[in-house]
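Examination of the molecular architecture
What follows is the residue order along each chain.
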Amino acid sequence: AADRGYPTQSTTSTVIIEVFALNKYTPQFVNDSAATVQIFESSGIGFEVAKLVVNDRDMGRAGEITYSILSDNSSGRFAVNSTSGALLVQDGLQQQTDQSFQLVILAKDGGSAESNSSKSSTITVTVIVQLDCKTHLADVSNASSWVRDRYDFDVLEGSLIGFGFGHIEAEHTNSSNDTISYASASDPYDFVDLNVTTGNLKLKRNIDDVVAESNRTAFCVNFLAVAKGRHTQIGVGIHVKDNNHNVPRFSRTQYNVSVSQYAANDTVILTASASDPDPGEAGRVTHDIISGDDGDRFNIDPDSGDISFSSSVQYHLQAVYNLTILVRDHGIFSQKSSTTHVYVTVLDINEHSPRFTSSQYSTSILESAPLGAAVIDVTATDSDTGLNGLLKYAIITEILFGVNPFFINASTGVITTADLLDFEIRQSYHLFLSVSDAGRPSYRDFTIALVDIIDVNDNAPKFSQTNSYGRVTELAPAGTVVLTVTATDIDSLTNGMLNYIIDPITDPDGTFRITSDGDIRVNTSSLTYHADSHFYFLSVTAADRGYPPLLTTSTVIIEVFALNKYAPQFVNGSAAAVQIFESSGIGFEVAKLFANDRDMGKAGEITYSILSDNSSGRFAVNSTSGALLVQDNLQQQTDQSFQLVILAKDGGSAQANSSKSSTITVTVIVQLNCETHLNNRVWSNACRNQGKCIRGVCLAQNTTDATGNYSWPSSQVGVIATIMCPFGRRLRVEDCAEAFRLCTGNQSWLQPNTTRCQYASPITRRLHTISIISVNQSNAAFVAAQLSETAEYFSPNTTTPDDINLVADIVDNIVQTNLTKRETAKIFEIVVNVTSRLMNSHRDVIRESELASNSSRRLIHNVELIAENFPISSNSTSLAIETENIVVYATEVNHRNFDGLTFLKYQSDYQRAEALPPESPVLSAIELPSRLLSENLQEDLTVRISLIFYNSNSMFRDETLERRAKSLPSNEIIAASVKGKNIERLSPPVQFLFHRFTTSDDNYFPHCYFWDSTKNDEYGGWNSEGCELAEVTDTTITCHCNHLTSFSVLVTPCGSGSNCPCRNVDDHRLVIISYVGCALSLASITATIVCLSLAKCCRRGERLSETVKIHINLCVSLILSIIAFLSIRDSSLCYATALGLHYFLLSSVMWMMVEGIAVFRDIVLVFQSKWLLCGKRKFYQIAVFGGWGFPLVVTATLITAQSVLDDSEFYGLVKIRRNDWNPKKVDLSYCWITNNFVLLGTFSIPVLFVIMFNIIVVVKVMIVLKKRDDSRARITNAGRVNRLRALLLFSSLFGLTWLFGAATLFDYDKILFSHSTTQCSVLKVFHYLFAICNSLQGFSILLFYVILSKKTRRQIAQRIVSPRTTVRNINRHFYNKKTGLRSRFELNEQTCRTPPLTLEAVLTETPAVSEKNETTDNKTDNDLVSEDILTGVNLEMYSNDST
């Protein structure tokens, strides 16, 4: 492989291709397909019964044969060698008679190496096991012996007494001529007659009797040969053989087969096999053709009976062959046979294609043609004869729309109608026809038949409304349009043109006329209002212009309203005065006002009201009766006068609503009543509580409900106040038209009871009237029509909870009625449309009605019932109802062929699709999986699937969820169901898609929910069980649910206690801190390496000490780790980056552990002689393996495991989403360990282990130093403590740095949190901690290893000053001021080396210790010497490695 760069770079690879042989041939047994073998029962285990040989012409693996026993009735007495094919005895064969066993041996080749498609053949081996009667008894005289070692004789079934079947003979063993005689030694069934002189054997009983008596077919009889009084015994086997009783028989007496004249040679055309129930050879048959094959054109397999061609046959030479097949068995003593006939018919070749007589046919037919009416006769011709010329006609499809109402006779080509035609649906059909012959192969021809449909006047006109209603005022001018009726006729041309006629019987005076456009106009200028007959009921007929014409009649109701001519006049005049006492109670009638209006109808209906009032609401007037009543307490300290202006207003004109009115001024004088002031309190004796009187009143109060406004007067406790219903009595209420209310003991009112009162709203009154109708089949359409007309007046601002409750009652009555099929569709459409209009009502109104009567749940349930029961037309498999807020789609499918369903809903359209679109302007969509029906239905072939799309969520509100989580449901809700089935635990799940209805990505968090009608005390609520968020794009939200119900998406605003996505924690400050920290660490660690390299002893050429080497290795691993860390965002070499970072970080960890071991070894274990004598070079080699080798082993193991586990990847690009709830949107990607468990086991745990290990080392060393806290130890403890501090601080700092680094890259969505604010806080803390610790770790190394290390500073100074000066300073240091002695380890000023160090020199260097020291120090001299050596002078830095 070479690239196209300059210069060209190339790489070579070796490809090895192995060619495998095809498995072309089937293995064939050389022994043919059957074989018979005879053995004796004495044959031992391992005896070879037969050798089976197979020939396979394939090469290689395809020619390797494996033998096995396919079937065996010997109970495992035999086995076959899988390689050689030898049939062996594997169990004892001892028996009392002859037995026969059949074994089917399978020979199977190795098959093709690539496809492993092996081939095989079988052979049937019959093994006859004979009784073994061979017995030798020792001859005492040895005078004679038998001529043969074994005598076995066969006797046929049916042999009679006297039948001779054998001869035995013995001879002298020497030249003696003594006579040998014969005798029977053992004959259990006494059936053998022995000639004692000649040894001839014959039967002395019929052999069949012996077999029947013994139930055996083999016998052993022992005979003696006697000479000179001595004898020799032998056993003779007598075997009863089958006499070939049965004739072989064919399975049929005659065979018939048809073959093509071009059939290839050796093609097996028929198997004429025969069978023979006789055992052994008598049952083995051979087939042969004995006649009818004059030209030797056929072969027959002698064993199987397969008949095949040996040469080609020609139809024109001979069309039929009559072959006589002979089958014969292989009986030993006699053979039997039978014959059969095989008739072979040679088929002619189909050489010609059929042809239509025309390339296109045209015809026309009336749409009223009955079923089976002839349309057109199409014909075709074919030049072939016989079956090849036999034609078959068919209609393939209807080209334009696929709907085919025609049938074609397959034999004659006559096309007839198979369904009723309708010109209004289709005006023409384009039929795609085919004709095919019956030959093999079959040929076809195609043509098109154009069928035009002729219109017939078969559709009557239809009015848009069955009953129409209109209004007109009296004296309206002639020509005034009252209303317009509309009828339609779907017929075409004149058959669809309409004329309108008013039945003169319903309008005898000709008051109204109707135009051709359906306008009903006033036909006179003298239209007047009559109180008893102001309604006109006109019968309007719509007739089309067809022949004969078809008619439809509709009823039109016209109401005539009176004009408002007169103003109402008070009978009392324009003023009146009334005097009452202050004790007059609430409800007391002050005066009865009456106004008179001469108008009729509504214009004469008077309504009374108070126009002005200075009594502060103490009085009220009944709007209907005009009664002026007291409605508040009148108690006072003096007489008072109040002026009330009462307004009387008529109903005005119904059309113009121009009412007229008049007023009257009523002066009410309230006089003081002294009886009420005897006791300054009000008592009520009407209500007692446990014998105690309760005092007090309930103050006057105004209430309003759906039945009107009520002014409740002040009432004493325990009194039930009653008020007349403002709008009269409700229908079907027999009690008084009164509302009542109780004043309770705590001086408060109960809720008014207005159930007797008529509703105030005309719409509500009309709905109530409709709701009390008992719905049945005859009036269901009328009730639905009334409901539809009333719903036209619904508006969001006027609809009340009672309206929704009443509509729910009406819909319940309609849906629960057993409707006729003709009316069901129209009625159901009305119900769905009315429910859709109610969904526009205010949320609080719908909620109030739901709490009162479960109205929302009932309406939604009825819509679902409609979707499941809406009638689908016979020529369609689906239906759709589209309204403003509800779209219903239902389809009937065969669940055996169901391959899924996808339905999309757009802003103004809907359609079925193949799959959910990734990005499209759909409002909502649903995709049902193909397994939806496979696991849930067993019996029904056709099932109905219903989908309902709601554009409003007003009837799906969960107050509990919205109040707790402030979740907002989507306006789009999808309901899905399968009629009569409960679909749960779907796999794969249902997918549903919604348009995103929020504009902010971060301010709202989506959840997938379904509507659970059992939540919130059966009021329903949203439930997320079984549903999950699948995908979020810029425009859509996709969810998965494992069951069917109503679905939606709820969004929760962030900051409302919900789990919100994290904001991006990778901000600018962290980036600056991280890069600056890495730069400082790199600079500090590099400076440390340079300083440690300069810290040598004296001259050039001195090697670095082991401790310095450990420090430098640690620094190098840290530098490489930081460089790899800075590359983790580079995805070009992501695998190598992740692998390198893991390796170098592990190396740093291991070198930190080596540092701890070195400290522990140098300070604690050095006092043990075995450690003291151990060289440091070996320790350093082990340290190098641990620091660099162990991480290499770990990473190599992971690479090997990844190659073995094909689906595992341990290194690569890790993606984490942090700032969005989109499951597919990635916010952070880096190169690192992709498996959290691998990260935990191969990084986090080792880091924690090393930190804990080093802490333990520090503690242990500090304890040791504490125990050795003498004066001489304190001289050098400062350097060691500094080293311990460095180890402790740097181990902790290094470990925490990279643990924090790994923590920032963890995917907490899968481990700890779920987009919670806790996750955001933890991530940000980890980021800042990592940035700070990363900045400090390099500087801490420089600080402790160089700046704070006196030894390192001194060694660097030695590199600067002269070597001899340095030696003097060092020797001066070797002088022990306390002992007054110089050490033997002074450096030579010329060579800068110490004298050779021996153990003897060490042990003899004992300083003189003062008396004070001897008494205060219990240590031995050797201890002090060793301590001087190890603590007085740091030999590690000043002496060479050999020392």
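See the structure printed just above.
Residues numbered from 1 in each chain as written. Predicted model: local features only at pLDDT ≥ 70, side-chain atom pairs only at ≥ 80, totals over all residues. Heavy atoms only, no water.

**Examining the overall build of the protein chain**
Within the protein chain, the regular secondary structure consists of 23 helices and 80 strands. Counting every position in the protein chain, which comprises 1443 residues, the buried fraction comes to 45%. Only carbon and sulfur atoms are counted for the fraction: they give 52% of the accessible area of the protein chain, which is about 73,600 Å². (Helix = DSSP H or I, 4+ residues; strand = E, 2+ residues; numbered from the N terminus. Buried < 20%, exposed > 50% of the residue type's maximum accessible area, 1.4 Å probe, protein only. Areas by Shrake-Rupley, 256 points an atom, 1.4 Å probe, with all protein chains shown as cover.)

**Quick notes on the state of the cysteines**
Overall, the coordinates contain five disulfides when judged by the stated rule. Each sulfur of the disulfide joining C1134 and C1231 lies 2.2 Å from the other. Across the disulfide from C1134 to C1231, rotation about the S-S bond amounts to roughly -125 degrees, and the bridge is consequently left-handed. Residue C1134 is located in helix α12 (residues 1134–1163), and its partner C1231 is located in strand β78 (residues 1228–1233); the two are separated by 97 residues in the primary sequence. (Disulfide = S-S within 2.5 Å.)

**Looking at the pattern of salt bridges**
In this structure the tally under the stated criterion is nine salt bridges. We note a salt bridge from D809 to R858, for which the minimum N-O separation is 2.8 Å. Of this pair, D809 sits in helix α4 (residues 801–815) while R858 sits in helix α7 (residues 855–869), placing them 49 residues apart in sequence. On the accessibility criterion, D809 (30% relative accessible area) is partly exposed. Between R858 and D812 there is a salt bridge, with its nearest N and O atoms 2.7 Å apart. Linking R858 in helix α7 with D812 in helix α4, this pair joins segments that are 46 residues apart in sequence. Take D812: its relative accessible area is 12%, and that puts it in the buried class. Each member of the salt-bridge network shares a partner with another, and the members are D809, D812 and R858. (Salt bridge = Lys/Arg side-chain N within 4 Å of Asp/Glu carboxyl O.)

**What to know about helix α2 (residues 762–771)**
Within α2 the residues assigned to the buried category are I763, T764, L767, H768, I770 and S771. Down the axis of α2, the sector holding all buried residues measures 160 degrees, keeping them to one side. Here the buried face of α2 lies against α3 (780–791) and α4. (Arc of directions from axis to C-beta. Contact = heavy atoms within 4.5 Å.)

**Examining unusual backbone geometry**
P548 follows Y547 through a cis peptide bond whose omega is -10 degrees. Look at the link from S987 to P988: it is a cis peptide, with omega at 0 degrees. Mapped onto the secondary structure, P988 falls in the loop between β70 (973–978) and β71 (990–995). Within the chain, S75 stands out as a residue other than glycine whose phi angle is a positive 60 degrees. Take S75: it is sitting in the loop between β5 (65–72) and β6 (78–80). Backbone geometry places D190, a non-glycine residue, at a positive phi of 50 degrees. Looking at where D190 falls in the secondary structure, it is placed in the loop between β14 (181–186) and β15 (192–194). With a relative accessible area of 42%, D190 lands in the partly exposed category.

**Quick notes on the pairing of strand β74 (residues 1027–1032)**
Pairing analysis gives five bridges linking β74 to strand β75 (residues 1036–1041), with the strands arranged antiparallel. Within β75, the position partnered with L1029 by the bridge is C1039. Between β74 and the antiparallel strand that follows it, β75, lie three residues. (Pairing = 2+ DSSP bridges.)

**Let's talk about the packing of aromatic side chains**
Evaluation of the coordinates by the stated rule reveals 34 aromatic pairs. Arranged with centres 6.3 Å apart and planes meeting at 25 degrees, the rings of F1249 and F1253 form a pair that is stacked. Within this pair, F1249 and its partner F1253 are both found in helix α15 (residues 1236–1267), separated by four residues, close to a single helical turn. Here F1249 falls in the partly exposed class, since its relative accessible area comes to 48%. Classification of F1253 as partly exposed rests on a relative accessible area of 24%. A connected cluster of aromatic rings, assembled from ring pairs, spans W146, Y151, F153, F165 and Y182. When the ring centre of Y429 is taken as reference, the NZ or CZ atom of R426 above it lies at 4.3 Å. When the ring centre of Y1180 is taken as origin, the NZ or CZ atom of K1109, which lies over that ring, is 5.2 Å away. (Phe/Tyr/Trp six-rings, centres within 6.5 Å; stacked < 30°, edge-to-face > 60°. Lys NZ or Arg CZ within 6 Å of the ring centre and 35° of its normal.)

**Regarding the environment of D458**
Looking at the element boundaries, D458 is found in the loop between β36 (444–454) and β37 (462–463). We classify D458 as partly exposed; its relative accessible area is 38%. In sequence terms D458 and F423 are 35 residues apart; their C-alpha atoms lie 9.5 Å from each other. What D458 contacts, discounting residues up to four positions off in sequence, is E367, E424, D491 and L550. At a separation of 2.8 Å, a polar atom in the side chain of D458 contacts the side chain of N459. (Polar contact = N/O pair within 3.5 Å; in protein donor to acceptor, adjacent residues only side chain to side chain.)

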